[in-house]
Amino acid sequence: MVAYLEVDKRVAGKAQVRRRPGFLARDSHVAYAFIAPALFLLVVLVGYPFVLSIWFSLSDARVGNTGSFIGLDNFNRLLASPIFLQTLQNSIVFTAAALAAKTVLGMGLALLLFRVARFKRLIRGAVLLPFIVPTALSALVWWWMFEPLYSVVNWTLKSVHLINHDIPWLPDPYLAMFTVILVNVWRGLPFFAITLLAGLVAIPRELYEAAESDGAGPIARFWHITLPLLMPVLAVVILFSTIFTLSDFNIVYVLTRGGPMNMTHLFATYSFALGLQGGQIGQGAAVSLFLFPILLAVVFVQLRLVRKAALYE
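Not measured: the values here are computed from a predicted model.

Rules used throughout
Sequence order as written defines the numbering, with residues in each chain counted from 1. Thresholds applied to this predicted model are a pLDDT of at least 70 for local features of residues and 80 or more for the giving and counting of side-chain atom pairs; totals over whole chains, interfaces and linings are not thresholded and use all residues. The side-chain values count all of the structure's non-hydrogen atoms but skip hydrogen atoms and water molecules. Numbered from the N terminus, helices here are DSSP runs of H or I no shorter than four residues, and strands are runs of E no shorter than two. With a 1.4 Å probe rolled over the protein chains alone, any residue whose accessible area is under 20% of its type maximum counts as buried; one over 50% counts as exposed, and the rest are partly exposed. Contacts are assigned to residue pairs that have any heavy atoms within 4.5 Å of one another. Working definition of accessibility: Shrake-Rupley area with a 1.4 Å probe, residue cover restricted to the visible protein chains. Confidence scores here are pLDDT values: one per residue, from the predictor, ranging 0 to 100. Should a side-chain nitrogen of Lys or Arg be within 4 Å of a carboxyl oxygen of Asp or Glu, the pair is scored as a salt bridge. For Phe, Tyr and Trp, where Trp contributes only its six-membered ring, two rings pair if their centres lie within 6.5 Å, and the inter-plane angle classes them as stacked under 30 degrees, edge-to-face over 60, or tilted in between. By the criterion adopted, a ring carries a charge over it if an Arg CZ or a Lys NZ lies within 6 Å of its centre and within 35 degrees of its normal. A residue counts toward a patch only above 30% relative accessible area and without a salt bridge, and it is joined to like-charged neighbours within 9 Å or, for Val, Leu, Ile, Met, Phe, Trp and Tyr, to nonpolar neighbours within 5 Å. To qualify as a nonpolar core, a set must consist of buried Ala, Val, Leu, Ile, Met, Phe, Trp, Tyr and Cys residues joined through side-chain atoms within 4.5 Å. Throughout this description, a polar contact denotes any pair of N or O atoms lying within 3.5 Å of each other; where both atoms belong to protein, one of them has to be capable of donating a hydrogen while the other can accept it, and for residues adjacent in sequence the pair is counted only when both atoms sit in side chains.

Visitor: Mind showing me how you'd approach the overall build of the protein here?
Guide: Each helix and strand counted, the protein has 13 helices and zero strands in total. Listing every helix and strand of the protein by position from the N terminus yields α-α-α-α-α-α-α-α-α-α-α-α-α. In the protein, which comprises 313 residues, the share counted as buried stands at 35%. Taking as baseline every contact in the protein between residues at least 6 positions apart, the subset at least 24 positions apart corresponds to 68%. For the protein, the exposed surface amounts to about 19400 Å²; the carbon and sulfur share of it is 72%.

Visitor: Sorry, what's going on with the confidence of the model for the protein here?
Guide: As a general rule, the predicted coordinates of low-pLDDT regions are not to be interpreted in detail. Put simply, the protein has an average pLDDT of 82, and 89% of its residues get 70 or more. With pLDDT under 50 throughout, residues 1–9 is counted as low confidence; its partners more than four residues away or in other chains account for zero contacts. Within the model, pLDDT remains below 50 along residues 11–19, and this stretch shows zero contacts once partners closer than five positions in the same chain are excluded.

Visitor: What is the right way to look at the pattern of salt bridges in this model?
Guide: Opposite charge on two side chains makes pairing possible when the charged atoms of those side chains draw close. Within this structure, the stated rule accounts for one salt bridge. The salt bridge involving Lys158 is made with Asp166; its shortest N-O contact spans 2.8 Å.

Visitor: Please clarify how the packing of aromatic side chains should be interpreted in this entry.
Guide: Think of a pair of aromatic rings as described by two things: how far the centres are apart, and how the planes are tilted against each other in angle. Within the structure shown, the criterion is met by 16 aromatic pairs. Judged by centre distance (4.9 Å) and plane angle (85°), the rings of Phe84 and Phe290 are edge-to-face. With Phe84 in helix α3 (residues 82–115) and Phe290 in helix α13 (residues 281–312), the pair connects residues that are 206 residues apart, well separated along the chain. Ring pairs connect the aromatic residues Trp142, Phe146, Trp169, Phe178 and Trp186, which therefore count as one cluster. Over the face of the ring belonging to Tyr253 we find Arg257, whose NZ or CZ atom lies 4.8 Å from the ring centre.

Visitor: Could you clarify how one ought to interpret a nonpolar patch on the surface in this entry?
Guide: Residues Leu39, Phe40, Leu41, Leu42, Val43, Val44, Leu45 and Val46 make up a contiguous nonpolar surface patch of roughly 770 Å² in combined accessible area. Inspection of the secondary structure puts Leu39 in helix α1 (residues 2–57).

Visitor: Hey, could you run me through the nonpolar core in this one?
Guide: Side chains of a nonpolar character, in soluble globular proteins, are inclined to be buried together. Membership of the largest hydrophobic core comes to 19 residues, with the highest contact counts inside it found for Met107 and Ile203. Those elements that place two or more of their residues in this core are α3, α8 (173–202), α9 (205–213) and α10 (218–246). Grouped together as the second largest cluster of nonpolar side chains are 16 residues, Val153, Trp169, Met177 and Val252 included.

Visitor: Sorry, what's going on with helix α12 (residues 267–277) here?
Guide: Residues separated by three or four positions in an α-helix point in the same direction, a consequence of the helix having 3.6 residues per turn. For α12, the full list of buried residues reads Phe267, Thr269, Tyr270, Ser271, Leu274 and Gly275. Immediately downstream of α12, the backbone of Gly279 shows phi near 80°, a positive value.

Visitor: I tried to follow the side chain of Asn90 on my own but got confused; where do I start?
Guide: Tracing the sequence through the fold places Asn90 in helix α3. Side-chain polar atoms of Asn90 contact the side chain of Gln86, separated by 2.8 Å. With near-sequence residues (within four places) excluded, Asn90 lies in contact with Met177, Asn262, Met263, Thr264, His265 and Leu266.

Visitor: What exactly am I supposed to notice about unusual backbone geometry here?
Guide: Most peptide bonds adopt trans geometry, and most residues besides glycine take a negative phi value. With an omega of -10°, the peptide bond running from Gly259 to Pro260 counts as cis. Following the sequence through the fold, Pro260 ends up in the loop between α11 (250–255) and α12. Phi is positive for Arg257, close to 55°, though the residue is something other than glycine. Position of Arg257 among the secondary structure elements: in the loop between α11 and α12. For Asn262, which is not glycine, the phi torsion reads 60° and is therefore positive. For Asn262, the location among the structural elements is in the loop between α11 and α12. Note on Asn262: relative accessible area 27%, which makes it partly exposed.

Visitor: Any chance you could explain the environment of Trp186 here in plain terms?
Guide: Its place among the elements puts Trp186 in helix α8. For the pair Trp186 and Leu105, spaced 81 residues apart in the sequence, the C-alpha separation amounts to 9.9 Å. Aside from chain neighbours lying at most four places away, what touches Trp186 is Pro130, Ser138 and Trp142.

Visitor: When you look at the environment of Asn164 in this model, what are you seeing that I'm missing?
Guide: As for its position among the elements, Asn164 is in the loop between α7 (152–159) and α8. With ten residues separating them along the chain, Asn164 and Asn154 place their C-alpha atoms 9.4 Å apart.

Okay, here's the thing in structure tokens:
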């Protein structure tokens, strides 16, 4: 009787093995059907424009004219253009300064939010307001605050007797760069603070209790517990913020439109000025694609850092 049961089990197992490929095949068809709409949108909204921009960057296309193939001439012209070189410098300074400020201030704000006991939900929700408000609308409010004729900032500083004359926030090239960096930091700070706060909540409290029992102070606990355990989260946040900051358009366009004297032009605003306002579609596409290898290198480096941090843990 036992022998018959074992034979029946082997026969049933073989039958199940024979049925499994067909079952998996049906599942794969269903899976492809589910991902087909997302894949279609990805190809239409991302893939096709990307390939088209590559073609435009290799052609002398203008508004109303598809142009012809000219190879890398657009990129050679950009590298010989002083405005583009200034744009490249502006983009590096803007991204580095904004990222450094958002990282330091975001970490400090996350630590403060973690310590807040009363009304913590209300305070955390209020911190997200700059990130929720549409970028163009908030940038327009900032423009009104720094606008030379009716500057609320200048009026406030003069009211408290910190300055005697109006400060040209937007007309001055260096102050204009400082202003757009300030607004970008204000805009991106909630993203850093809330994400790092989530990482802080996930750190086990026992580690801090053990370190405190060993005599470690707040600074030692931060450097040896908080910061190492937050490194994977911090690396991902910096990665996304680098991409968003380097390709920023709304803040700079609303506040300065790349001026004065092209001192606040970034890749996105200069590409818009060349391609749509100037009608030089080919050169505008070349400016936008010049950003692609830079972002690819940044993503590669950041992902390696995240992987090392994960392996370290």
